[in-house]
Protein chains: 4
Amino acid sequence: MISFESDYNNGCLPEILKNLLQSNDERTSGYGSDCHTEAAKALIRKATGLPDAEVFLLVGGTQTNATMIDALLGSGEGVICVPTAHIEVHEAGAVEAFGHKVITIGGTSSKLDAGGLRSYMESFLSDDSHSHMVQPGLVYISMPTELGDVYRRSELEELYDCCRGYGLKLYIDGARLGYGLCSPECDFDLPFLASHCHAFYIGGTKVGAMMGEAVVFSGMKAPRGFFTNIKRHGALLAKGRMLGIQFETLFADGLYLEISSRAIRLAMKLKDCFRRRGIPLATDSPTNQQFVILSEAQQRCLSKDFAFEIWEKRPDGALMCRFVTSWATSESEIDALDAALERLG
Amino acid sequence: MISFESDYNNGCLPEILKNLLQSNDERTSGYGSDCHTEAAKALIRKATGLPDAEVFLLVGGTQTNATMIDALLGSGEGVICVPTAHIEVHEAGAVEAFGHKVITIGGTSSKLDAGGLRSYMESFLSDDSHSHMVQPGLVYISMPTELGDVYRRSELEELYDCCRGYGLKLYIDGARLGYGLCSPECDFDLPFLASHCHAFYIGGTKVGAMMGEAVVFSGMKAPRGFFTNIKRHGALLAKGRMLGIQFETLFADGLYLEISSRAIRLAMKLKDCFRRRGIPLATDSPTNQQFVILSEAQQRCLSKDFAFEIWEKRPDGALMCRFVTSWATSESEIDALDAALERLG
Amino acid sequence: MISFESDYNNGCLPEILKNLLQSNDERTSGYGSDCHTEAAKALIRKATGLPDAEVFLLVGGTQTNATMIDALLGSGEGVICVPTAHIEVHEAGAVEAFGHKVITIGGTSSKLDAGGLRSYMESFLSDDSHSHMVQPGLVYISMPTELGDVYRRSELEELYDCCRGYGLKLYIDGARLGYGLCSPECDFDLPFLASHCHAFYIGGTKVGAMMGEAVVFSGMKAPRGFFTNIKRHGALLAKGRMLGIQFETLFADGLYLEISSRAIRLAMKLKDCFRRRGIPLATDSPTNQQFVILSEAQQRCLSKDFAFEIWEKRPDGALMCRFVTSWATSESEIDALDAALERLG
Amino acid sequence: MISFESDYNNGCLPEILKNLLQSNDERTSGYGSDCHTEAAKALIRKATGLPDAEVFLLVGGTQTNATMIDALLGSGEGVICVPTAHIEVHEAGAVEAFGHKVITIGGTSSKLDAGGLRSYMESFLSDDSHSHMVQPGLVYISMPTELGDVYRRSELEELYDCCRGYGLKLYIDGARLGYGLCSPECDFDLPFLASHCHAFYIGGTKVGAMMGEAVVFSGMKAPRGFFTNIKRHGALLAKGRMLGIQFETLFADGLYLEISSRAIRLAMKLKDCFRRRGIPLATDSPTNQQFVILSEAQQRCLSKDFAFEIWEKRPDGALMCRFVTSWATSESEIDALDAALERLG
């Protein structure tokens, strides 16, 4: 069974295991007060081009979003996002658990655009009853988006401007950030992203690590008491060095972007296989998640040898399916899929 | 200035003031442990046809919704409603404050129908990732709806059946319940409503009282510790008898429905005025809230002598405006509006 | 049955009923946008000597505490108080419901003193693990205290200084403020109190009103979005004028202090009755709550004609009982108690 | 520098790294749907003697406590514990973040005894105002306790009986469970503990793992929607197998108890060193945390070569210090400390 099920269906980079092994006999203080965590933070600051940015290492994505959104909002303020956003759909109410409403705007695109945001804010502010409504305080986007799309340089610039114009903060979920930055459609780099939002996180779990997400406060100071708030959210790892070592590995020698780049190359190859075999794409995704339309028979047949997710059952019976590559995907796995698609013919 | 601004723009029924005055020298225990509250509860049980129903008197609508939704849901479960629902739009995140997500389904109607609910639930349950999503536990509707519409007997029956089929509870916000039950389009009575939901509240604030909403657990027992939970929500009035006396007054001698009925008659007359003068209705509302479309000039002109709310600014510049009658509206106020509309010609 | 059970066992000041009656036919906007609420706020600003203070009218005490504490604290910060504080014992977890810990310090006194606070803060700050602990952000005291004691001018000065020294806010629960200010032991007035804390509330429910508590931001601006947060806490009354009229009545012509003063005079008389009859006082309370020690037999006998609360059952079987006077207590009720105590002899 | 600072100052068991390496190329589903997690659960069920117990693997201790306490309590109910409990002191308000009050009872002991619990509950239930107070729903204890003490078989039996008598649930924090079970003072085993509480967790982080805590519902079914609630708490690891592999390793071949036992032997040796050198013990701890009283001079001197925590500064200037052993402590580290103590003489 070859799996394109997700980008967390694998173990971790061998380099990470090697470094865990090498450091295993060290004795360090807990909760991120160790030299590996310090080194990781320094490398991340360097990669983002922000020598003074505050960096924190958390464990998982939902946890990171809930912690950050809670920290960036005032009491009872809400967070704006698109209807397909991970925080709206797949985080089991973790944002609401801390008393914040998720406010969805926009239509079918998985990207949130400055125009849509502006029109929402104008309508909100001109509504006579808006003091009875949840006050928006933050905009959440993800890069790449939930459906594999990427923002363009100009879009990000406009969005950040628009947010600041309305006194909103902008926060970017980078669970798959590497795959976004290495997409052929992406026309900016990490320092550009870092300087066009208030805060963001660099996903480790889906890009080579066992677990771990690195939060960066790039356009603001960390809120007072943020370390304590991490603890309060259950997001502070006792053996913090386990995260430190992983990000130290990922950000030494540009490994993070190198492995992301390889995954994207294979994703493009995978997309090409589907195209060549006449399987329609559901979206023309420029990142590591590819969405295609299979008939039930095709899905059943492919499922024998390949693991992948049914993303959506369409009213006409067709299935929108997701195939994901990652740093761990191999050339030969793509070839095997291609051969299977040929047989499917 | 004549006001059609809302149904809480007035004082309270003179009968209530009389009874407050009459009982003012009594000494009673607090928090609802008094004879007036007991009498009110007994009258409400009788009016709903449920001799064993547990009844609680709270102060305001948002508070009541937040308390009930929190009490009816398990930890982190969500509540389903339409996008125009009061809890979604105008309660400042009071439901989320207690950790519960508001899940909106349905399209443009202010009513939630069994078909839409069933299709949402089927799609939810067949989604492979639904254990990562907020689990729906409760359906919230209001009667009449936020836009003045009323449910029909068969709609309520189907909805309640559908809820129970999926293990969901059904809760009805009756902030304007009297005006709904007395609508010419309403084909059921209070006992029918009571026996077709798990719990609901009878609005006092908008129907004759100074404040006060009476919660009725009609299709279930009150959850363990509910009294304490009212206190925890800041919804327990120290001088509980002030609520008791008001509901005792409203439910003695059928006053609640009598005054509601009169308000509806005047609302129909008001609607007729607009119709006759050629002012388009935004919706054909069968209750005490009437929505009409005015030009900016018409709105400006009428505003000199009448208070009413601009509900929505339309892209074409037209204004959807709300005119509301209540138990306190007088025949002559409608006549004055009619004359003004004639002059507007 | 004569009741000394509480200071909310009564109706409301006849002057309030008169004004409610007089204004009943007016039409006003809701949620506190009415002339009576404006007038009440102006009178309260005048009485506190703070012409620019922001004033808000809420409904009940627990609700007011939960709303204020949530508004004055950052995400997850805690509030410091004594172990007998109302928020710790008798508010059903309303503070925790919004995610804030109640941190109790101090010993048996119902007053919190600057020395105790300083020693707590020093120990907290010197604890190496304090970043893993709830960060204190606010100090809560009540005036008078839960056991009827009053702060002295110098105590309040020191406490406010101490709070500011540590970056803590000071908030005063004035549920019974009138009775505290009129106590013979109180050596300051309302403007002094107002200028020695960040915020406080003036209790209406227990001092003449049907319900209502007036929040005053005296040492700071109201936090951004505070009005919306009131709504979110379910603490915004639709017919806000009902609160406006009550505080307008209480603060016109010094009525609030006048009725408080009378209640205190009667409380001192009541205390004197117990003393003369040889009933031991549990505390020498200078306010309207008197705590005495009765044997079970005495309690049983008095209970036939008088309502009062058993506050605490002592291990030796003796009962600490509470007798409360209010603006509604009459001279003759005290005389009747005195006669009964004589018979008890 | 030799570190006795904590039991999470180390890496992880070499066996765990070996198994992570060995399984690294496997492709598995996420969120605990993998064969290693299944195997780990089966081994834990076997070790607890409960073939049907539901087992879940979470990441960290604070997170596990917050998730479990939230899941075991009804809306707004509170959890009872001793004042030194981890949830009260060192979890940054994670329990309150989900709306639950921490209710502390008992005196100076770090153990909670049935007598104290009974007396609290009797006093609570006989308090006339208890419906205005947070309703206790759960008792939290830790084994071993925060100060290294262990419960006896009879104590646990009585406590569990007492809880069930009052309708309370009993939950045991086993962050250091291995060290407790292997203590010379412990007279029961894992199956006994499992059958004397409703739920507990087996700590991995402090006993050989990188991270990970295994929750066991031993005396009840897992609450409805518990998996979703884990996600909502940000406690669901995407690459769940990383936890599965660790617990699979710990519970194959009795490794968990074997390494715990060794740590306890070294802790007893360490205690003996202090005793022999005349350093007073703060408590006679039977587990892996040893608390001793050092003068400032002694502390300063030892700090040059050894890392350990100052637990408490005593008013007389003496320092209560904590020395911790773990599975990773070596015989020679104890010998080095002994030599240093001798020099200190």
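Rules behind the numbers
- Residues numbered from 1 in each chain as written.
- Chains lettered and ligands numbered in written order.
- Predicted model: local features only at pLDDT ≥ 70, side-chain atom pairs only at ≥ 80, totals over all residues.
- Heavy atoms only, no water.
- Helix = DSSP H or I, 4+ residues; strand = E, 2+ residues; numbered from the N terminus.
- Rg over C-alpha atoms; globule rule 2.2 N^0.38 Å.
- Buried < 20%, exposed > 50% of the residue type's maximum accessible area, 1.4 Å probe, protein only.
- Contact = heavy atoms within 4.5 Å.
- Areas by Shrake-Rupley, 256 points an atom, 1.4 Å probe, with all protein chains shown as cover.
- Lys, Arg positive; Asp, Glu negative; His and termini not counted.
- Charge placed at Lys NZ, Arg CZ, Asp CG, Glu CD.
- Buried area = accessible area lost by both parts, 1.4 Å probe.
- Salt bridge = Lys/Arg side-chain N within 4 Å of Asp/Glu carboxyl O.
- Polar contact = N/O pair within 3.5 Å; in protein donor to acceptor, adjacent residues only side chain to side chain.
- Pairing = 2+ DSSP bridges.
- Axes fitted to C-alpha atoms, helices over the stretch in contact; angles between N-to-C directions.
- Right-handed = clockwise from strand over helix to strand, strands pointing away.
- Nonpolar A, V, L, I, M, F, W, Y, C, P; charged D, E, K, R; others polar.
- Least-squares fit on C-alpha atoms with pLDDT ≥ 70 in both.
- Expected span 1.5 Å × (residues − 1).
- Parallel < 35°, antiparallel > 145°, perpendicular 65-115°, else oblique.
- Left-handed = near helix turned anticlockwise from the far one by under 90°.
- Core = buried A, V, L, I, M, F, W, Y, C linked by side-chain atoms within 4.5 Å.

Undergrad: What is the right way to look at the overall build of chain A in this model?
TA: From N to C terminus, chain A includes 13 helices and 12 strands. For chain A, the C-alpha radius of gyration of 21 Å lies close to 20 Å, the compact-globule estimate for 345 residues. Taking the principal axes of the C-alpha coordinates as reference, chain A spans close to 60 × 60 × 35 Å. Looking at chain A residue by residue over its 345 residues, the buried ones come to 63%. Here the analysis covers contacts within chain A between residues at least 6 apart in sequence; of these, 73% occur between residues at least 24 apart. Counting only carbon and sulfur atoms, one obtains 49% of the accessible surface of chain A, whose full area is about 11700 Å². In chain A, 33 side chains carry a positive charge and 44 a negative one; their mean positions are 3 Å apart.

Undergrad: Help me understand the interface of chain B and chain C, please; the structure alone is not making it clear to me.
TA: When the parts of a complex come together, some accessible area is lost, and that lost area is often used as the size of the interface. Taken together, the contact pairs 47 residues of chain B with 47 residues of chain C. Between chain B and chain C, roughly 3800 Å² of surface is buried when both sides are summed, and carbon and sulfur atoms account for 59% of that area. Of all residues in chain B, Tyr8, Arg27 and Lys239 of chain B bury the most surface against chain C, accounting for 19% of the area lost on that side. The tally of links from chain B across to chain C stands at 0 salt bridges. For the pair chain B and chain C, the number of links is 26 residue pairs in polar contact (both at pLDDT 80 or more). Taken together, the elements giving at least two residues each to the side of chain B that touches chain C come down to α1 (14-22), α3 (61-72), α9 (226-232) and α10 (241-251) of chain B. The leading source of residues in the side of chain B that touches chain C is α1 of chain B, at 4 residues.

Undergrad: It is not clear to me how the sheet that holds strand β9 (residues 289-294) of chain A should be interpreted in this structure. Could you clarify?
TA: The pairing of strands in a sheet comes from backbone hydrogen bonds and takes either a parallel or an antiparallel form. Residue and element names in this part refer to chain A. With antiparallel pairing, the 3 strands of this open sheet are ordered in space as β9-β12-β11. Either end of the sheet is taken by a strand with one partner, and the two such strands are β9 and β11 (309-313). Across the sheet, the axes of successive neighbouring strands diverge by a mean angle of 30°, strand direction being ignored. Bridging between β9 and strand β12 (residues 319-324) involves 6 bridges; their strand directions are antiparallel. Across the sheet, residue Val292 finds its bridge partner in β12, namely Cys321. Relative to β9, helix α11 (residues 255-276) is tilted by about 15°, and along the sheet it contacts β9 and β12.

Undergrad: Help me understand the pattern of salt bridges, please; the structure alone is not making it clear to me.
TA: Once their charged atoms are close, side chains differing in charge can pair, the charge on each being opposite to the other. Applying the stated criterion across every chain, the model contains 76 salt bridges over all chains. Among the ionic contacts, a cluster of salt bridges with common partners joins Asp272, Arg276, Arg277, Asp338 and Glu342 of chain A.

Undergrad: Is there a simple way to explain the pairing of strand β6 (residues 169-173) of chain B in this structure?
TA: In the case of a regular strand, side chains alternate between the two sheet surfaces. Residues and elements named next belong to chain B. Burial runs high along β6: 4 of the 5 residues are buried. Judged from the 5 bridges that link them, strand β5 (residues 136-142) and β6 form a sheet pairing that is parallel. Across the sheet, Val139 pairs through a bridge with Leu170, a residue of β6. Chirality of the crossover, the property in question, places the unit of β5, helix α6 (residues 153-165) and β6 among those that are right-handed. The sheet contact formed by β6 and strand β7 (residues 199-203) spans 2 bridges and is parallel. Counted as the bridge partner of Ile172 is Phe200 from β7.

Undergrad: Quick question: what am I supposed to make of the interface of chain A and chain C here?
TA: Taken together, the 17 residues of chain A in the interface contact 17 residues of chain C. For the pairing of chain A and chain C, the buried interface totals around 1400 Å² over both sides, and the portion due to carbon and sulfur atoms is 46%. On the surface where chain A and chain C come into contact, there are 2 salt bridges. With 5 residues, the single largest contributor to the side of chain A that touches chain C is helix α9 (residues 226-232) of chain A. Classifying every residue of the side of chain A that touches chain C gives 4 nonpolar, 8 polar and 5 charged.

Undergrad: Just checking my understanding: could you explain the environment of Leu21 of chain D for this structure?
TA: Take Leu21 of chain D: it is sitting in helix α1 (residues 14-22). Since its relative accessible area comes to 53%, Leu21 of chain D is described here as exposed.

Undergrad: Help me understand the relation of the copies chain B and chain C, please; the structure alone is not making it clear to me.
TA: The two chain copies are related to each other by a rotation about an axis together with a translation along it. The transformation that overlays chain B on chain C combines an axial shift of 0.0 Å with a rotation of 180°, and the residual RMSD is 0.0 Å. These values place the two chain copies in the arrangement generated by a two-fold rotation axis. In this assembly, 100% of the residues forming the interface of chain B have copies in chain C that are likewise at the interface, indicating an isologous arrangement.

Undergrad: Would you take a moment to explain the sheet that holds strand β12 (residues 319-324) of chain C for this structure?
TA: All names here are of chain C. Pairing within the open sheet is antiparallel, and its 3 strands lie in the order β9-β12-β11. Single-partner strands in this sheet number two, and they are β9 (289-294) and β11 (309-313). Taken pair by pair, the neighbouring strands of this sheet meet at an average axis angle of 30°, ignoring direction. Across 4 bridges, the pairing between β11 and β12 is antiparallel. Looking at β12, one finds that Lys313 is bridged to Leu319.

Undergrad: Sorry, what's going on with the relation of the copies chain A and chain C here?
TA: Structural alignment of chain A on chain C gives an RMSD of 0.0 Å, achieved by rotating through 180° and translating 0.0 Å along the axis. Comparing contact sets, 100% of the residues at the interface of chain A also lie at the interface in chain C, consistent with an isologous, same-surface contact.

Undergrad: For this particular structure, what's the right way to read helix α11 (residues 255-276) of chain B?
TA: Note that an α-helix has 3.6 residues per turn; residues three or four places apart therefore point the same way. Residues and elements named next belong to chain B. The terminal C-alpha atoms of α11 lie 32 Å apart, and with 22 residues this matches the ideal 32 Å at 1.5 Å per residue to within 8%. Of the residues making up α11, those classed as buried are Leu255, Tyr256, Ile259, Ser260, Ala263, Ile264, Leu266, Ala267, Leu270, Lys271, Cys273 and Phe274. A positive phi of about 80° marks Gly278, the residue just after α11.

Undergrad: How should the packing of helix α13 (residues 296-303) of chain D against helix α14 (residues 331-344) of chain D be read in this particular structure?
TA: Two quantities define a packed helix pair, namely the angle between the helix axes and the distance between the axes. Residue and element names in this part refer to chain D. Two elements in contact, α13 and α14, have axes separated by 11 Å at closest approach and are oriented at 135°. One element, α13, and the other, α14, form an angle in the oblique class. For the pair α13 and α14, the crossing hand works out as right-handed. Residues Gln298, Cys301 and Leu302 of α13 touch α14, and the partners they reach there are Leu337, Ala340, Leu341 and Leu344.

Undergrad: I would appreciate a short explanation of the side chain of Thr67 of chain D in the present structure.
TA: Along the chain, Thr67 of chain D turns up in helix α3 (residues 61-72). Setting aside chain neighbours within four positions, we find Thr67 of chain D in contact with Leu58, Phe226, Asn229, Ile230, His233 and Ala235 of chain D.

Undergrad: Would you take a moment to explain the environment of Gly208 of chain A for this structure?
TA: Residue and element names in this part refer to chain A. Among the structural elements, Gly208 can be located in the loop between β7 (199-203) and β8 (213-217). When the C-alpha positions of Gly208 and Leu13 are compared, they lie 5.2 Å apart, and in sequence the two are 195 residues distant. With residues up to four places along the chain from it excluded, the contact list for Gly208 reads Cys12, Leu13, Ile16, Leu250, Ile259 and Trp327.

Undergrad: What exactly am I supposed to notice about the packing of α11 of chain B against helix α13 (residues 331-344) of chain B here?
TA: Residues and elements named next belong to chain B. In the contact formed by α11 and α13, the axes pass within 10 Å of each other and the chain directions differ by 10°. Relative to α13, the element α11 is oriented roughly parallel. Facing Arg262, Arg265, Leu266, Lys269, Leu270, Cys273, Phe274 and Arg276 of α11, the residues of α13 in contact are Glu331, Ile334, Asp335, Leu337, Asp338 and Leu341. Per-class residue counts for the contact of α11 with α13 are 7 nonpolar, no polar and 7 charged.

Undergrad: Could you clarify how one ought to interpret the nonpolar core in this entry?
TA: Note on soluble globular proteins: their nonpolar side chains tend to be buried together. In this structure, Leu112, Leu117 and Phe200 of chain B together with Leu112, Leu117 and Phe200 of chain C are the most contacted members of the largest nonpolar core, which totals 198 residues. When residues no more than four places from it in sequence are discounted, the contact partners of Leu117 of chain B are Ile80, Ile105, Leu112, Val139, Leu159, Cys162, Cys163 and Leu168 of chain B. The next biggest cluster of nonpolar side chains, apart from the first, holds 193 residues, and it includes Ile141, Leu177 and Phe192 of chain A together with Leu170 of chain D.

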